[in-house]
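Observations on the model geometry
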There are 2 protein chains.
Amino acid sequence: MELCIFCKILKKEIPAKIISEDELSLSFEDINPQAPVHILIIPKKHYSSLIDIPEEEKSLLGHLMIKAREIAKEKGLEKTGYRLVLNTGKDAGQAVFHIHLHLLGGREMSWPPG
Amino acid sequence: MELCIFCKILKKEIPAKIISEDELSLSFEDINPQAPVHILIIPKKHYSSLIDIPEEEKSLLGHLMIKAREIAKEKGLEKTGYRLVLNTGKDAGQAVFHIHLHLLGGREMSWPPG
């Protein structure tokens, strides 16, 4: 079975600009950035979307948000602010079916969020 | 000390169109909806933003996402898709300083997300 593109990044089979890595997650730059800082935070375990995450993995979901916060702080965004976005399914424009949290900052974000 | 507007909603001092409530969270309609479904999911405990949440509350953060998923399912968005958004600070346009997760769906969302 073909690995998903993010699983290939996890296995270092495809290059990515990696920002941080821990036992549960990997963070790397979005290849099509929509803001001066645009980073994806993904779990190492493959789940295609929020729909597929077991409820027992609540703390993994929280971990992705705490990682995003850490990276935002490292990138100097704590004072200016930042937006986290999680797309699920077609209407949201989810492009890769390995759950990934977007961290966007470094510019003023408009409303509505897409 | 004046309660924040979301704490007032939690205490039912201000009306809101409540969607669901459990021991940890309250979900209600955004008063200025940006999509056919636009619901806010907040923790009952007051935290002004993601920056103020202790790391031990990871599972609370995950709980907000799981609640959003449950509501999305109830609203029939599981097949069409939906976007979750968490704004932190000025650049993201955070308007109320009680952390709240936006659930948006029922229309195609564009990219970038604001």
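You'll find the structure just up there.
A short tour of the structure in this document, coming up. (Residues numbered from 1 in each chain as written. Chains lettered and ligands numbered in written order. Predicted model: local features only at pLDDT ≥ 70, side-chain atom pairs only at ≥ 80, totals over all residues. Heavy atoms only, no water.)

Attention shifts here to the sheet that holds strand β3 (residues 37-43) of chain A. In a beta sheet, neighbouring strands are held together by backbone hydrogen bonds and run either parallel or antiparallel to one another. Strand order in this open sheet of 10 strands is β1(A)-β2(A)-β3(A)-β5(A)-β4(A)-β4(B)-β5(B)-β3(B)-β2(B)-β1(B), and the pairing throughout is antiparallel. Each edge of the open sheet carries a strand with a single partner, namely β1 (18-21) of chain A together with β1 (18-21) of chain B. Across the sheet, the axes of successive neighbouring strands diverge by a mean angle of 20°, strand direction being ignored. Sheet analysis places strand β2 (residues 25-29) of chain B next to strand β3 (residues 37-43) of chain B, joined by 5 bridges and oriented antiparallel. Across the sheet, residue B:Leu26 finds its bridge partner in β3(B), namely B:Ile42. Taken strand by strand, helix α2 (residues 58-74) of chain A contacts β1, β2 (25-29), β3, β4 (82-88) and β5 (101-105) of chain A together with β4 (82-88) of chain B, and its axis lies near 150° from that of β3(A). (Pairing = 2+ DSSP bridges. Helix = DSSP H or I, 4+ residues; strand = E, 2+ residues; numbered from the N terminus. Axes fitted to C-alpha atoms, helices over the stretch in contact; angles between N-to-C directions. Contact = heavy atoms within 4.5 Å.)

All names here are of chain A. Applying the stated criterion to the full structure yields 14 salt bridges over all chains. Its salt-bridge partner being lysine 67, residue glutamate 70 comes within 3.2 Å of it at the nearest N-O pair. On the criterion of helical spacing, the pair formed by glutamate 70 and lysine 67 is a turn pair, its members being 3 residues apart in helix α2. The class of lysine 67 is buried, set by a relative accessible area of 9%. The residue lysine 90 makes a salt bridge to aspartate 91 at a minimum N-O spacing of 3.7 Å. Where salt bridges share partners, they join Lys12, Glu21 and Lys44 into one cluster. (Salt bridge = Lys/Arg side-chain N within 4 Å of Asp/Glu carboxyl O. Buried < 20%, exposed > 50% of the residue type's maximum accessible area, 1.4 Å probe, protein only.)

Often, the extent of an interface is quoted as the loss of accessible area upon association of its parts. Chain A puts 39 residues into the contact, and the matching count from chain B is 39 residues. Buried surface at the junction of chain A and chain B, both sides included, amounts to about 4000 Å², of which 59% is carbon and sulfur. Summed over the shared surface of chain A and chain B, the number is 0 salt bridges. At the junction of chain A and chain B, the tally comes to 24 residue pairs in polar contact (both at pLDDT 80 or more). Contributing elements (two or more residues each) for the side of chain A that touches chain B: α2, β4 and β5 of chain A. (Buried area = accessible area lost by both parts, 1.4 Å probe. Polar contact = N/O pair within 3.5 Å; in protein donor to acceptor, adjacent residues only side chain to side chain.)

Moving on to the environment of B:Ile14. All names here are of chain B. Its place among the elements puts isoleucine 14 in the loop between α1 (5-10) and β1. Overall, the relative accessible area of 26% leaves isoleucine 14 in the partly exposed class. Contacts of isoleucine 14, omitting those with residues within four sequence positions, involve Ile5, Lys8 and Ile9.

The next thing to look at is the relation of the copies chain A and chain B. Overlaying chain A with chain B gives an RMSD of 0.0 Å, the required rotation being 180° about an axis along which the chain moves by 0.0 Å. Both copies of the chain, as the preceding transformation shows, are related through a two-fold rotation axis. A shared binding surface is used by both copies, with 100% of the interface residues of chain A retained as interface residues in chain B. (Least-squares fit on C-alpha atoms with pLDDT ≥ 70 in both.)

Residue and element names in this part refer to chain A. Scanning the entire structure with this criterion turns up 2 aromatic pairs over all chains. Between phenylalanine 6 and phenylalanine 28, the aromatic rings sit 5.3 Å apart at their centres with planes inclined by 75°, giving edge-to-face as the arrangement. Taken together, the residues span a long stretch of sequence, with phenylalanine 6 in helix α1 (residues 5-10) and phenylalanine 28 in strand β2 at a distance of 22 residues. The residues phenylalanine 6 and phenylalanine 28 share a single accessibility class, namely buried. (Phe/Tyr/Trp six-rings, centres within 6.5 Å; stacked < 30°, edge-to-face > 60°.)

Distances and angles like these do not, on their own, reveal function.
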